[in-house]
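Here is what each chain is made of, one letter per residue.
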Amino acid sequence: MATREVSAMIKQGFLSDPTLSFSPSRTAAAATETLSRLYSPSSSPPQQQQQPQISESTRSTHHPTLFEMMSQEQLQETTTTNKPIKSQSRIFKLLSEFKNPNIRDSFSYLALGPGNVRLTVVGKDGFRVCMDVHKNVLAEKSRFFAEKLAIRDKENREMLHVVEISECDDVEVYVETVVLMYCDDLKRRLLGEDLDKVLALLKVSAAIMFDLGIQSCLEYLEAVPWSGDQEEKVISLLGELKLVDSATEVLQRITSEPSTSRRADDIFLKLLSGVLQAKDDKCRREMKTLISRLIREDASNYENRLDVSKDTLYSLCHRCLGSLILCLSEATCIDDSKGDRGALMAEIAREADNMQWLVDILIDKRMCDEFVKLWADQRELAILHCKIPTMYRHEISRITAQLCIAIGRGHILVPKDTRFSLLSTWLEALYEDFGWMRRASRSVDRKLVEDGLSQTILTLPLLQQQAILLNWFDRFLNKGGDCPNIQKAFEIWWRRAFIRQYSADQDSSHLQITVCDYQK
């Protein structure tokens with residue numbers, strides 16, 4: 001029949017029910033309607049051995065229509081070519097359960113009688129699956145189908161619709177979404193499903209406006225655990241489908257009500273205080289490592305910085321400094337013969353370790369500039385420090401080494417007076433403890449400490465560099481390996497002082513300026 005003859009018959013009302021074609025790559029509103037024609041209620045898909053339903057327009061002996069034969073032939077071809085066999089097997093099993101009355105499930109398909117909609121799902125690879133489904137089910141469960149299947153003939157008798165959903169990414173998911181429309185208990189149906197599968201079902205349900213399917217998928221996502229990768233997929237898909245408002249309960253595990261800075265401070269203070277006061281050293285070390293790693297991850301994300309005030313961190317620093325001063329004061333008054341000296345020295349090492357951890361956090365959060373001045377002003381602590389045996393106090397000198405490394409890398413920016421004050425207060429203690437630091441702890445990188453100290457010294461005015469490096473020169477000759485080797489800094493100072501001398505009043509008389517005029 002010619003196209004214009006068909007068009008004329010549609011206009012005159014002879015052919016009243018158009019075929020629907022829906023492509024997931026287009027919006028639902030852009031789904032096109034084409035010609036429909038009457039089919040007798042067809043037999044089940046080719047893979048099922050069920051007797052066909054015969055309507056008044058069919059003969060007593062049913063012969064496959066050309067449409068059915070072409071669908072079966074293409075299905076057999078794609079079985080051996082494009083579509084993976086396992087995926088087809090799952091689809092065939094799904095359709096078998098859909099139509100088989102012996103399967104214990106909550107489907108209502110058989111009670112509805114013969115289907116009056118021939119639904120064809122076509123993948124991007126050409127693989128297609130045909131299903132006979134019911135118009136009232138599609139219209140009741142899907143707002144998209146309700147709109148597209150609203151046409152009836154003049155006699156108010158439902159015509160057999162032919163609907164094709166084309167360019168599908170995953171035919172199996174589309175078929176299963178349609179099957180879910182017949183399921184009375186979607187929650188039970190989704191039990192045990194893979195999360196990626198449910199996300200795919202959610203995407204299709206949203207595309208065809210299957211509200212109950214959307215709700216059931218969201219309830220599933222709210223109840224099951226997510227891995228790290230799955231969490232990103234869930235968040236991305238909900239944003240893509242614009243379901244964030246509908247998925248409030250789902251997203252509660254990763255979001256909360258906007259918290260005040262004070263609330264974040266309280267939580268952070270509780271966590272850090274718990275670590276600093278922990279009694280189990282092994283667990284304390286593990287939690288320190290964990291929190292440090294999380295803080296570094298947060299610090300690398302400038303769009304979502306952990307909102308913790310400087311006051312919270314510095315309150316903990318002052319607490320540790322107070323404990324250190326108290327412990328060192330007690331240690332200087334205890335007789336060596338008393339048995340509790342060892343416990344006190346262990347407490348000194350523990351408080352020094354806590355302070356090192358807090359300094360690392362301050363450096364990671366770019367808040368350490370004020371601590372450099374605070375540490376430089378601890379002259380009382382420095383005096384007590386020199387009265388304690390080196391084997392107990394060397395952990396305190398590691399704090400000075402941390403600061404020098406950060407200053408040398410440009411991670412802390414403080415005035416030159418503060419830098420000089422830091423070295424004036426703590427450099428002698430660092431020299432004395434360096435040998436013990438290097439031998440007692442594997443985590444101390446000698447070269448890293450020496451480079452950081454060298455760079456810090458070289459940021460000072462030249463005369464201050466000279467005073468510090470000449471003092472180091474004498475000490476290094478006498479102490480050798482137990483003294484930091486900062487020869488590189490010494491060489492640079494030497495060249496600055498005696499070889500490449502810089503004059504602020506440089507003669508620029510050799511410069512010549514020529515002005516040329518050009519005629520226009």
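One numbering rule holds for all chains: residues counted from 1, following each sequence as written. Since the coordinates come from a predicted model, pLDDT governs what is reported: local features require at least 70, and pairs of side-chain atoms require 80 or more to be given and counted, while whole-chain, interface and lining totals use all residues. Computation of side-chain values: all heavy atoms of the structure, hydrogens and water removed.

The name given to the chain in an unreviewed UniProt entry is At3g05675-like ankyrin-like domain-containing protein, and the organism recorded there is Citrus sinensis. UniProt annotates the chain under Function (unreviewed entry) with the comment "May act as a substrate-specific adapter of an E3 ubiquitin-protein ligase complex (CUL3-RBX1-BTB) which mediates the ubiquitination and subsequent proteasomal degradation of target proteins." On record in UniProt, under Pathway (unreviewed entry), the comment for the chain is "Protein modification; protein ubiquitination." UniProt positions are given in the numbering used here, feature names are shortened, and annotations may be inferred rather than shown by experiment.

Chemist: In this structure, what is going on with the overall build of the chain? I would like to understand it.
Modeler: Where helices and strands are cited, they refer to DSSP runs of H or I of at least four residues and of E of at least two residues respectively, numbered from the N terminus. A count of helices and strands for the chain gives 22 helices and five strands. Here the chain holds 520 residues, and the buried ones make up 44% of them. Sequence-distant contacts in the chain: of pairs separated by 6 or more residues, those separated by 24 or more amount to 71%. Only carbon and sulfur atoms are counted for the fraction: they give 51% of the accessible area of the chain, which is about 29700 Å². Burial here depends on accessible area, computed with a 1.4 Å probe over protein chains only, as a share of the maximum for the residue type. Under 20% is buried, over 50% is exposed, and the range in between is partly exposed. A contact between two residues is defined here by any heavy atoms of the two lying within 4.5 Å. Residue burial considers only the protein chains on display, and all accessible areas are found by Shrake-Rupley using a 1.4 Å probe.

Chemist: What exactly am I supposed to notice about the packing of aromatic side chains here?
Modeler: Two descriptors summarise a pair of aromatic rings, namely the distance from one centre to the other and the angle between the planes of the rings. The criterion for an aromatic pair is that two Phe, Tyr or Trp rings (for Trp, the six-membered ring) have centres within 6.5 Å, with stacked assigned to planes under 30 degrees apart, edge-to-face to planes over 60 apart and tilted to the rest. On inspection of all chains with the given rule, the structure shows eleven aromatic pairs. Measuring from ring centre to ring centre gives 6.1 Å for F371 and W375, while their planes differ by 15°; the resulting arrangement is stacked. Remark: W375 and F371 occur in helix α16 (residues 369-376); sequence separation between them is four residues, near one turn of the helix. Take F371: its relative accessible area is 0%, and that puts it in the buried class. Ring geometry for W472 against F476: centres 5.0 Å apart, planes inclined by 25°, an arrangement best described as stacked.

Chemist: Where do I start with the pattern of salt bridges in this structure?
Modeler: A side chain with one charge can pair with a side chain of the opposite charge if their charged atoms come near. Criterion for a salt bridge: a side-chain nitrogen of Lys or Arg within 4 Å of a carboxyl oxygen of Asp or Glu. Tallying each qualifying case throughout the model produces 27 salt bridges. As a salt-bridge pair, D169 and K124 come within 2.8 Å of each other at their nearest N and O atoms. Of the two residues, D169 is situated in the loop between β5 (161-168) and α6 (171-180) and K124 in the loop between β3 (117-123) and β4 (128-133); the sequence distance between them amounts to 45 residues. Its salt-bridge partner being D196, residue K233 comes within 3.5 Å of it at the nearest N-O pair. Taken together, the positions of K233 in helix α10 (residues 228-240) and D196 in helix α8 (residues 195-207) put the pair 37 residues apart, joining distant regions of the chain. Residue class for D196 comes out partly exposed when judged on its relative accessible area of 33%. If you follow the salt bridges from partner to partner, you end up with D281, R284, K288, R350 and D353 in one network.

Chemist: I'm lost on the environment of L413 in this one. Help?
Modeler: For L413, the location among the structural elements is in the loop between α18 (390-409) and α19 (416-440). Sequence separation between L413 and C368 is 45 residues, and the spatial gap between their C-alpha atoms is 8.7 Å.

Chemist: Explain the pairing of β5 to me, please; I cannot follow it from the model alone.
Modeler: Look at any regular strand and the pattern is simple: side chains alternate between the two faces of the sheet. Of all the eight residues making up β5, six are buried; the element is thus mostly covered by neighbouring parts of the structure. Here, a strand pair is defined by DSSP locating no fewer than two bridges between the strands. Bridge count for β3 against β5 is six bridges, and the pairing is parallel. The residue of β5 that forms the bridge with V121 is I165.

Chemist: Honestly, the packing of helix α14 (residues 310-331) against helix α15 (residues 341-364) in this entry has me stumped. Any pointers?
Modeler: Two numbers describe a pair of packed helices, the interaxial angle and the distance between the axes. One can describe the packing of α14 onto α15 by two numbers: an axis separation of 9 Å at closest approach and a directional angle of 155°. Compared by their axis directions, α14 and α15 come out roughly antiparallel. Judged by the sense of rotation from one axis to the other, the crossing of α14 with α15 is left-handed. Facing L313, Y314, L316, C317, C320, L321, S323, L324, C327, L328, E330 and A331 of α14, the residues of α15 in contact are R341, L344, M345, E347, I348, E351, A352, N354, M355, L358, I361 and L362. To obtain an axis, a line is fitted to C-alpha atoms, over the contacting stretch when the element is a helix, and the angle between two such axes runs from 0 to 180 degrees between their N-to-C directions. Here the angle decides the label: under 35 degrees means roughly parallel, over 145 means roughly antiparallel, 65 to 115 means roughly perpendicular, and every other value means oblique. Crossings are sorted by hand: turned counterclockwise from the far helix by less than a right angle, the near helix makes the crossing left-handed, and turned clockwise it makes it right-handed.

Chemist: When you look at the environment of Q465 in this model, what are you seeing that I'm missing?
Modeler: Counting through the fold element by element, Q465 comes out in helix α21 (residues 462-479). Between the alpha carbons of Q465 and A497 there is a distance of 9.9 Å; along the sequence they are 32 residues apart. Those residues within four positions of Q465 in sequence are excluded, and the remaining contacts are I457, L458, L460, W493 and R496. Of note is the side chain of Q465, whose polar atom sits 2.6 Å from the backbone oxygen of L460. Whenever a nitrogen or oxygen atom comes within 3.5 Å of another N or O atom, the pair is scored as a polar contact, on the condition that within protein one atom can donate a hydrogen and the other can accept it, and that pairs from neighbouring residues in sequence are kept only if both atoms are in side chains.

Chemist: Sorry, what's going on with the layout of surface pockets here?
Modeler: Rolled over the atoms, a probe sized like a water molecule indicates the empty space that remains. Buried and open spaces are told apart on a 1 Å grid over the protein atoms alone, a cavity being a set of points where a 1.4 Å probe fits but cannot get out and a pocket being an open set with protein on both sides within 12 Å along at least five of seven lines. Residues with an atom within 4 Å of a point are the lining residues. Grid points are joined across faces, edges and corners, and a volume is the space filled by probe spheres set on the points. Roughly 890 Å³ of internal volume is contained in the largest pocket. Along the walls of the largest pocket sit 31 residues, with Q356, D360, R398, Q402 and S443 positioned nearest its centre. At the level of secondary structure, the elements contributing two or more residues to the lining of the largest pocket comprise α13 (281-299), α15, α18 and α20 (446-458). If you tally residues by element for the lining of the largest pocket, the top one is α15, at nine residues. By the convention adopted, Pro, Cys, Tyr, Trp, Phe, Met, Ile, Leu, Val and Ala count as nonpolar, Lys, Arg, Asp and Glu as charged, and the other residues, Gly among them, as polar. Each residue belonging to the lining of the largest pocket can be placed in one class, and the counts come to eleven nonpolar, six polar and 14 charged.

Chemist: I tried to follow the nonpolar core on my own but got confused; where do I start?
Modeler: The tendency in soluble globular proteins is for nonpolar side chains to be buried as a group. With 54 residues, the main nonpolar core has M131, F145, V175, L202, L221 and L238 as its most contacted residues. Take this core: its biggest share by element is seven residues, from α6. To form a nonpolar core, buried Ala, Val, Leu, Ile, Met, Phe, Trp, Tyr and Cys residues must be joined to one another through side-chain atoms within 4.5 Å. Ranked by size, the runner-up nonpolar core spans 51 residues in total, among them L276, I295, L321 and V414.

Chemist: What am I meant to see in the side chain of R350 here?
Modeler: Position of R350 among the secondary structure elements: in helix α15. Among the polar contacts made by the side chain of R350, one reaches the main-chain carbonyl oxygen of L276 at a distance of 3.4 Å. The residues touching R350, leaving out its near neighbours within four places in the chain, are L276, Q277, A278, K279, D281 and R284.

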